[in-house]
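One letter stands for each residue in the lines below.
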Amino acid sequence: MNIFSNKSQKLLDANKLPHHIAFIIDGNGRWAKKKGLPRTVGHSFGVKAVADTVQNCVNLGIKYMSFYAFSTENWNRPQDEVDAIFELLRDYIKQYVGDYENKNIKVMTSGDITKLPKDIYETIEEAKEKTKHCTDFVLNIALNYGGRDEIIRGINQIIKDGVKDVSKESFKTYLYTKNLPDPDLIVRTSGEFRTSNFMPYQAVYSEWAFPKTYWPDFNNKQLIKILLNFQKRDRRFGAIKKEEKK
Ligand code: FPP
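Not measured: the values here are computed from a predicted model. (Residues numbered from 1 in each chain as written. Predicted model: local features only at pLDDT ≥ 70, side-chain atom pairs only at ≥ 80, totals over all residues. Heavy atoms only, no water.)

*Asks:* Would you take a moment to explain the overall build of the protein chain for this structure?
*Replies:* For the protein chain, the count of helices and strands is 7 helices and 6 strands. Seen in sequence order, the protein chain has helices and strands lined up from the N terminus as β-α-α-β-α-β-α-β-α-α-β-β-α. When burial is assessed residue by residue, the protein chain has 46% of its 246 residues classed as buried. Within the protein chain, contacts between residues separated by at least 24 positions form 75% of all contacts whose residues are at least 6 apart in sequence. Only carbon and sulfur atoms are counted for the fraction: they give 51% of the accessible area of the protein chain, which is about 13500 Å². Side chains of the protein chain carry 40 positive and 31 negative charges; the gap between the two charge centres is 6 Å. (Helix = DSSP H or I, 4+ residues; strand = E, 2+ residues; numbered from the N terminus. Buried < 20%, exposed > 50% of the residue type's maximum accessible area, 1.4 Å probe, protein only. Contact = heavy atoms within 4.5 Å. Areas by Shrake-Rupley, 256 points an atom, 1.4 Å probe, with all protein chains shown as cover. Lys, Arg positive; Asp, Glu negative; His and termini not counted. Charge placed at Lys NZ, Arg CZ, Asp CG, Glu CD.)

Next comes the structure, spelled out in C-alpha coordinates:
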(Lines give C-alpha, C1' and ligand atoms only; values in the text may rest on other atoms or scores of the structure.)
Protein backbone atom coordinates (compact mmCIF):
# COMPACT_ATOMS: atom_id res chain seq x y z
CA MET A 1 0.00 0.00 0.00
CA ASN A 2 1.27 3.47 -0.80
CA ILE A 3 -0.05 6.67 0.72
CA PHE A 4 2.84 9.04 0.08
CA SER A 5 2.96 11.81 -2.49
CA ASN A 6 6.53 13.04 -2.89
CA LYS A 7 8.83 11.33 -5.40
CA SER A 8 11.13 9.08 -3.34
CA GLN A 9 8.58 8.73 -0.54
CA LYS A 10 6.29 7.23 -3.17
CA LEU A 11 8.46 4.15 -3.24
CA LEU A 12 7.85 3.51 0.46
CA ASP A 13 5.42 0.84 1.53
CA ALA A 14 3.25 2.33 4.30
CA ASN A 15 2.59 -1.17 5.65
CA LYS A 16 6.27 -1.90 6.14
CA LEU A 17 7.41 1.14 8.07
CA PRO A 18 9.12 0.64 11.42
CA HIS A 19 6.71 0.95 14.35
CA HIS A 20 9.57 2.31 16.43
CA ILE A 21 12.58 4.13 15.02
CA ALA A 22 15.47 5.24 17.24
CA PHE A 23 18.27 7.69 16.55
CA ILE A 24 21.72 7.87 18.08
CA ILE A 25 22.42 11.45 17.22
CA ASP A 26 26.15 11.67 16.60
CA GLY A 27 28.51 14.08 14.87
CA ASN A 28 27.36 17.47 16.18
CA GLY A 29 30.87 18.31 17.38
CA ARG A 30 32.59 17.24 14.15
CA TRP A 31 29.99 19.10 12.09
CA ALA A 32 30.86 22.29 13.98
CA LYS A 33 34.63 21.67 13.81
CA LYS A 34 34.48 21.20 10.06
CA LYS A 35 32.91 24.63 9.81
CA GLY A 36 35.32 26.24 12.30
CA LEU A 37 32.50 26.77 14.79
CA PRO A 38 32.24 25.98 18.52
CA ARG A 39 30.89 22.50 19.36
CA THR A 40 27.84 24.05 21.01
CA VAL A 41 26.78 25.49 17.64
CA GLY A 42 26.84 21.92 16.35
CA HIS A 43 24.50 20.90 19.17
CA SER A 44 22.22 23.82 18.40
CA PHE A 45 21.89 22.72 14.75
CA GLY A 46 21.55 19.16 16.07
CA VAL A 47 18.45 20.19 17.99
CA LYS A 48 16.98 21.64 14.79
CA ALA A 49 17.63 18.28 13.09
CA VAL A 50 15.81 16.53 15.95
CA ALA A 51 12.78 18.79 15.52
CA ASP A 52 12.76 18.22 11.74
CA THR A 53 13.19 14.46 12.13
CA VAL A 54 10.30 14.24 14.60
CA GLN A 55 8.12 16.07 12.08
CA ASN A 56 9.31 13.88 9.21
CA CYS A 57 8.54 10.70 11.15
CA VAL A 58 5.13 12.07 12.10
CA ASN A 59 4.43 12.88 8.44
CA LEU A 60 5.25 9.29 7.56
CA GLY A 61 3.08 7.94 10.36
CA ILE A 62 5.87 6.34 12.41
CA LYS A 63 4.32 6.08 15.84
CA TYR A 64 7.29 5.65 18.17
CA MET A 65 10.48 7.72 17.99
CA SER A 66 13.45 7.58 20.33
CA PHE A 67 16.40 9.98 20.43
CA TYR A 68 19.58 9.31 22.41
CA ALA A 69 20.16 12.87 23.64
CA PHE A 70 22.46 12.40 26.65
CA SER A 71 24.17 9.26 27.86
CA THR A 72 25.33 8.37 31.37
CA GLU A 73 28.86 8.78 29.93
CA ASN A 74 28.23 12.28 28.49
CA TRP A 75 28.73 13.79 31.98
CA ASN A 76 32.46 13.38 31.30
CA ARG A 77 32.37 16.23 28.76
CA PRO A 78 33.53 19.75 29.71
CA GLN A 79 31.00 21.38 32.06
CA ASP A 80 30.23 24.26 29.66
CA GLU A 81 29.30 21.78 26.92
CA VAL A 82 27.09 19.80 29.30
CA ASP A 83 25.40 23.04 30.40
CA ALA A 84 24.87 24.12 26.78
CA ILE A 85 23.28 20.76 25.88
CA PHE A 86 20.84 21.05 28.79
CA GLU A 87 19.94 24.63 27.90
CA LEU A 88 19.25 23.62 24.31
CA LEU A 89 17.16 20.73 25.53
CA ARG A 90 15.12 22.97 27.85
CA ASP A 91 14.54 25.52 25.06
CA TYR A 92 13.55 22.74 22.69
CA ILE A 93 10.98 21.32 25.11
CA LYS A 94 9.58 24.77 25.88
CA GLN A 95 9.35 25.64 22.19
CA TYR A 96 7.75 22.41 21.00
CA VAL A 97 5.60 21.08 23.83
CA GLY A 98 2.51 22.99 22.67
CA ASP A 99 3.02 21.78 19.13
CA TYR A 100 3.40 18.19 20.34
CA GLU A 101 0.24 18.46 22.38
CA ASN A 102 -1.61 19.70 19.28
CA LYS A 103 -0.16 16.91 17.17
CA ASN A 104 -1.11 14.32 19.79
CA ILE A 105 2.53 13.38 20.52
CA LYS A 106 3.26 12.03 23.98
CA VAL A 107 6.65 13.07 25.38
CA MET A 108 8.43 10.53 27.58
CA THR A 109 11.98 9.91 28.74
CA SER A 110 14.32 6.99 29.31
CA GLY A 111 17.02 7.42 31.93
CA ASP A 112 17.37 8.92 35.39
CA ILE A 113 16.30 12.50 34.79
CA THR A 114 16.23 13.30 38.52
CA LYS A 115 20.00 13.84 38.21
CA LEU A 116 19.49 16.65 35.66
CA PRO A 117 19.55 20.32 36.76
CA LYS A 118 16.30 21.08 38.63
CA ASP A 119 14.84 23.52 36.08
CA ILE A 120 15.50 21.11 33.20
CA TYR A 121 13.96 18.25 35.17
CA GLU A 122 10.88 20.36 35.91
CA THR A 123 10.48 21.49 32.29
CA ILE A 124 10.59 17.87 31.14
CA GLU A 125 8.14 16.72 33.80
CA GLU A 126 5.75 19.50 32.75
CA ALA A 127 6.01 18.42 29.10
CA LYS A 128 5.28 14.83 30.09
CA GLU A 129 2.31 15.91 32.17
CA LYS A 130 0.92 18.12 29.37
CA THR A 131 1.16 15.38 26.78
CA LYS A 132 0.34 12.31 28.86
CA HIS A 133 -3.11 12.00 27.23
CA CYS A 134 -1.65 12.05 23.68
CA THR A 135 -2.03 8.80 21.80
CA ASP A 136 -1.04 9.18 18.12
CA PHE A 137 2.75 9.32 18.57
CA VAL A 138 5.36 8.84 21.27
CA LEU A 139 8.57 10.85 21.49
CA ASN A 140 11.00 9.10 23.81
CA ILE A 141 14.05 11.17 24.78
CA ALA A 142 16.89 9.15 26.30
CA LEU A 143 18.49 11.42 28.87
CA ASN A 144 21.11 10.43 31.37
CA TYR A 145 20.44 7.05 29.84
CA GLY A 146 22.66 3.99 29.80
CA GLY A 147 21.49 0.55 28.74
CA ARG A 148 23.45 -1.29 31.43
CA ASP A 149 22.15 1.11 34.09
CA GLU A 150 18.63 0.44 32.88
CA ILE A 151 19.07 -3.33 33.19
CA ILE A 152 20.68 -3.11 36.65
CA ARG A 153 17.94 -0.73 37.79
CA GLY A 154 15.37 -3.27 36.61
CA ILE A 155 17.10 -6.12 38.45
CA ASN A 156 17.25 -4.12 41.68
CA GLN A 157 13.56 -3.28 41.37
CA ILE A 158 12.75 -6.96 40.82
CA ILE A 159 14.68 -7.84 44.00
CA LYS A 160 12.82 -5.08 45.90
CA ASP A 161 9.49 -6.36 44.59
CA GLY A 162 10.39 -9.84 45.82
CA VAL A 163 9.75 -11.32 42.39
CA LYS A 164 11.15 -14.86 42.23
CA ASP A 165 10.56 -15.77 38.63
CA VAL A 166 11.35 -13.48 35.71
CA SER A 167 10.62 -14.03 32.04
CA LYS A 168 11.85 -12.17 28.96
CA GLU A 169 8.44 -10.48 28.73
CA SER A 170 8.05 -9.67 32.43
CA PHE A 171 11.57 -8.19 32.53
CA LYS A 172 10.54 -5.74 29.82
CA THR A 173 8.06 -4.19 32.26
CA TYR A 174 11.02 -3.08 34.37
CA LEU A 175 12.55 -1.07 31.54
CA TYR A 176 11.92 2.61 30.77
CA THR A 177 10.46 1.47 27.45
CA LYS A 178 7.87 -0.83 29.02
CA ASN A 179 5.06 0.77 26.99
CA LEU A 180 6.98 0.87 23.69
CA PRO A 181 7.62 -1.85 21.15
CA ASP A 182 11.30 -2.72 20.66
CA PRO A 183 12.93 -0.47 18.06
CA ASP A 184 12.65 -2.01 14.59
CA LEU A 185 15.29 0.33 13.25
CA ILE A 186 18.14 2.21 14.93
CA VAL A 187 20.00 4.92 13.04
CA ARG A 188 23.41 6.12 14.19
CA THR A 189 24.76 9.05 12.23
CA SER A 190 28.35 10.25 11.65
CA GLY A 191 29.86 7.02 10.34
CA GLU A 192 30.53 5.49 13.76
CA PHE A 193 29.68 1.78 14.01
CA ARG A 194 29.06 1.48 17.73
CA THR A 195 25.92 0.87 19.77
CA SER A 196 27.22 2.85 22.79
CA ASN A 197 25.09 1.42 25.58
CA PHE A 198 21.84 2.17 23.75
CA MET A 199 18.89 -0.11 24.47
CA PRO A 200 20.89 -3.36 24.69
CA TYR A 201 17.86 -5.35 25.88
CA GLN A 202 15.46 -3.86 23.35
CA ALA A 203 17.78 -3.88 20.32
CA VAL A 204 18.43 -7.61 19.98
CA TYR A 205 16.46 -7.83 16.71
CA SER A 206 16.70 -4.21 15.61
CA GLU A 207 17.90 -3.40 12.14
CA TRP A 208 20.73 -0.85 12.14
CA ALA A 209 21.69 1.94 9.77
CA PHE A 210 24.94 3.88 9.95
CA PRO A 211 24.79 6.86 7.59
CA LYS A 212 28.02 8.88 7.29
CA THR A 213 26.15 12.18 7.66
CA TYR A 214 26.83 14.24 10.75
CA TRP A 215 23.59 14.60 12.72
CA PRO A 216 22.93 18.33 12.00
CA ASP A 217 22.83 17.50 8.27
CA PHE A 218 20.43 14.57 8.68
CA ASN A 219 17.29 15.30 6.67
CA ASN A 220 14.13 13.79 5.22
CA LYS A 221 15.90 12.59 2.06
CA GLN A 222 18.31 10.50 4.13
CA LEU A 223 15.52 9.24 6.34
CA ILE A 224 13.62 8.02 3.28
CA LYS A 225 16.76 6.38 1.86
CA ILE A 226 17.28 4.49 5.15
CA LEU A 227 13.61 3.48 5.27
CA LEU A 228 13.72 2.19 1.69
CA ASN A 229 16.74 0.09 2.59
CA PHE A 230 15.00 -1.11 5.78
CA GLN A 231 12.00 -2.25 3.74
CA LYS A 232 14.25 -4.45 1.60
CA ARG A 233 15.58 -6.33 4.60
CA ASP A 234 14.40 -9.82 5.37
CA ARG A 235 13.66 -9.81 9.10
CA ARG A 236 13.49 -13.43 10.22
CA PHE A 237 14.00 -12.99 13.99
CA GLY A 238 16.14 -16.12 14.03
CA ALA A 239 13.54 -18.25 12.21
CA ILE A 240 13.39 -19.30 8.57
CA LYS A 241 10.77 -18.51 5.98
CA LYS A 242 7.64 -20.72 5.83
CA GLU A 243 8.44 -22.02 2.32
CA GLU A 244 11.96 -23.04 3.44
CA LYS A 245 10.66 -25.20 6.30
CA LYS A 246 10.10 -28.38 4.27
C1 FPP B 1 26.34 13.88 19.73
O2 FPP B 1 27.27 14.66 19.04
C3 FPP B 1 25.40 14.70 20.48
C4 FPP B 1 25.26 14.76 21.84
C5 FPP B 1 26.08 13.95 22.76
C6 FPP B 1 24.30 15.61 22.53
C7 FPP B 1 23.20 16.15 21.69
C8 FPP B 1 22.04 16.52 22.48
C9 FPP B 1 21.39 17.64 22.33
C10 FPP B 1 21.84 18.65 21.36
C11 FPP B 1 20.20 17.91 23.19
C12 FPP B 1 18.92 17.97 22.42
C13 FPP B 1 18.27 16.69 22.15
C14 FPP B 1 16.95 16.56 21.90
C15 FPP B 1 16.35 15.22 21.72
C16 FPP B 1 16.07 17.71 21.79
P17 FPP B 1 28.79 14.68 19.52
O18 FPP B 1 29.02 15.91 20.33
O19 FPP B 1 29.13 13.42 20.23
O20 FPP B 1 29.54 14.78 18.16
P21 FPP B 1 31.06 14.39 17.88
O22 FPP B 1 31.16 12.90 18.04
O23 FPP B 1 31.25 14.82 16.47
O24 FPP B 1 31.92 15.13 18.85
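*Asks:* Would you mind going over the site of the ligand with me for this structure?
*Replies:* Inspection of the region around the ligand gives 17 residues, with Ile-25, Asp-26, Arg-30, Arg-39 and Arg-77 positioned closest. Take Gly-27: an N or O atom from its main chain is 3.3 Å from an oxygen atom of the ligand. In the model, an oxygen atom of the ligand is placed 2.8 Å from a nitrogen or oxygen of the Arg-77 side chain. Relative to its free-state accessible area of 630 Å², the ligand is covered by the protein chains to the extent of 92%. Because more than half of its atoms lie within 2 Å of the grid, the ligand is assigned to the largest pocket. (Near = heavy atom within 4 Å. Polar contact = N/O pair within 3.5 Å; in protein donor to acceptor, adjacent residues only side chain to side chain. 1 Å grid on protein atoms, 1.4 Å probe; cavity = no way out; pocket = protein on both sides within 12 Å on 5 of 7 lines; lining within 4 Å. Sits in = over half its atoms within 2 Å of the grid points.)

Fair warning: the whole summary comes from geometry, so function is off the table for now.
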